[in-house]
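# Working through the structure, step by step
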Amino acid sequence: YRELTGAYPPSAELLRLHWQALMLELGRHRAGSGASLPPAGLCRTRSLLDRHPEGRESLAQLAQLAGMSVPNFCAGFRRWFGSAPGRYRLERRMEQAAYWLQDCNLSVEEVGRRAGYPDAFQFSRMFRRHTGLSPRAWRDSRKASVPKPT
């Protein structure tokens, strides 16, 4: 939520993801799907992915943390949170990277390392695939959209 309350305008992607999560929850509530909260194991894994999107845990490790088989974990995660675990992690990584890119004191390479990409080229490729812009172009576009103090 730092992005929503900071000096920079919020990311359209971040707002879209929050909207999607809200709509999923409203749909579950309206449909009376029975359980109103995801299983605790799925909440533990989502919390881990939210806190440490740069992590390298495998699907098997995440499923073990949730106390489920890999297929049940993947199906349950998608059902409750609206995307596959790998996609969810990627979205969190890109959100965090976008936040760090607003700090012009950090190099693109450092942002990539912090986001879990030891190779700057791989980070740039994934960031471009996710946002449509290279990290440098995204940073420059954000600088241009912030009004200069008078």
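Residues numbered from 1 in each chain as written. Predicted model: local features only at pLDDT ≥ 70, side-chain atom pairs only at ≥ 80, totals over all residues. Heavy atoms only, no water.

Right, let's talk about the overall build of the protein chain for a bit. Looking only at helices and strands, one finds 9 helices and 0 strands in the protein chain. Order of helices (α) and strands (β) in the protein chain, N terminus to C terminus: α-α-α-α-α-α-α-α-α. Contacts in the protein chain between residues far apart in sequence, at least 24 positions, make up 60% of those at least 6 positions apart. Only carbon and sulfur atoms are counted for the fraction: they give 57% of the accessible area of the protein chain, which is about 9,100 Å². (Helix = DSSP H or I, 4+ residues; strand = E, 2+ residues; numbered from the N terminus. Contact = heavy atoms within 4.5 Å. Areas by Shrake-Rupley, 256 points an atom, 1.4 Å probe, with all protein chains shown as cover.)

This part takes up the packing of aromatic side chains. This structure, assessed with the given rule, holds 6 aromatic pairs. Measuring from centroid to centroid gives 5.7 Å for Phe 73 and Phe 77, while their planes differ by 55°, and the two rings are tilted. Of this pair, Phe 73 and Phe 77 both sit in helix α5 (residues 70–81), separated by 4 residues, roughly a single helical turn. Ring plane angle 65° and centroid distance 4.8 Å describe the contact between Phe 77 and Phe 81, whose orientation is recorded as edge-to-face. Separated by 4 residues within a single helix, Phe 77 and Phe 81 lie in helix α5, roughly one turn from each other. (Phe/Tyr/Trp six-rings, centres within 6.5 Å; stacked < 30°, edge-to-face > 60°.)

A word on a nonpolar patch on the surface. Where nonpolar side chains cluster on the molecular surface, the patch consists of Trp 19, Leu 22, Met 23 and Leu 26 and spans about 410 Å² of accessible area. Looking at the secondary structure, you find Trp 19 in helix α2 (residues 12–31). Relative accessible area serves as the criterion here: at 54%, Trp 19 is assigned to the exposed category. (Patch = residues over 30% accessible without salt bridge, like charges linked within 9 Å, V, L, I, M, F, W, Y side chains within 5 Å. Salt bridge = Lys/Arg side-chain N within 4 Å of Asp/Glu carboxyl O. Buried < 20%, exposed > 50% of the residue type's maximum accessible area, 1.4 Å probe, protein only.)

This part covers the packing of helix α4 (residues 59–66) against α5. Helix packing geometry: the angle between the two helix axes and the distance between the axes. In contact at an axis separation of 9 Å, α4 and α5 are set at 80° when each is read in the N-to-C sense. What the angle tells us is that α4 and α5 run roughly perpendicular. Here Leu 59, Ala 60, Leu 62, Ala 63 and Ala 66 of α4 come into contact with α5, specifically with Val 70, Phe 73 and Cys 74. Residues that form the contact of α4 with α5 fall into these classes: 8 nonpolar, no polar and no charged. (Axes fitted to C-alpha atoms, helices over the stretch in contact; angles between N-to-C directions. Parallel < 35°, antiparallel > 145°, perpendicular 65-115°, else oblique. Nonpolar A, V, L, I, M, F, W, Y, C, P; charged D, E, K, R; others polar.)

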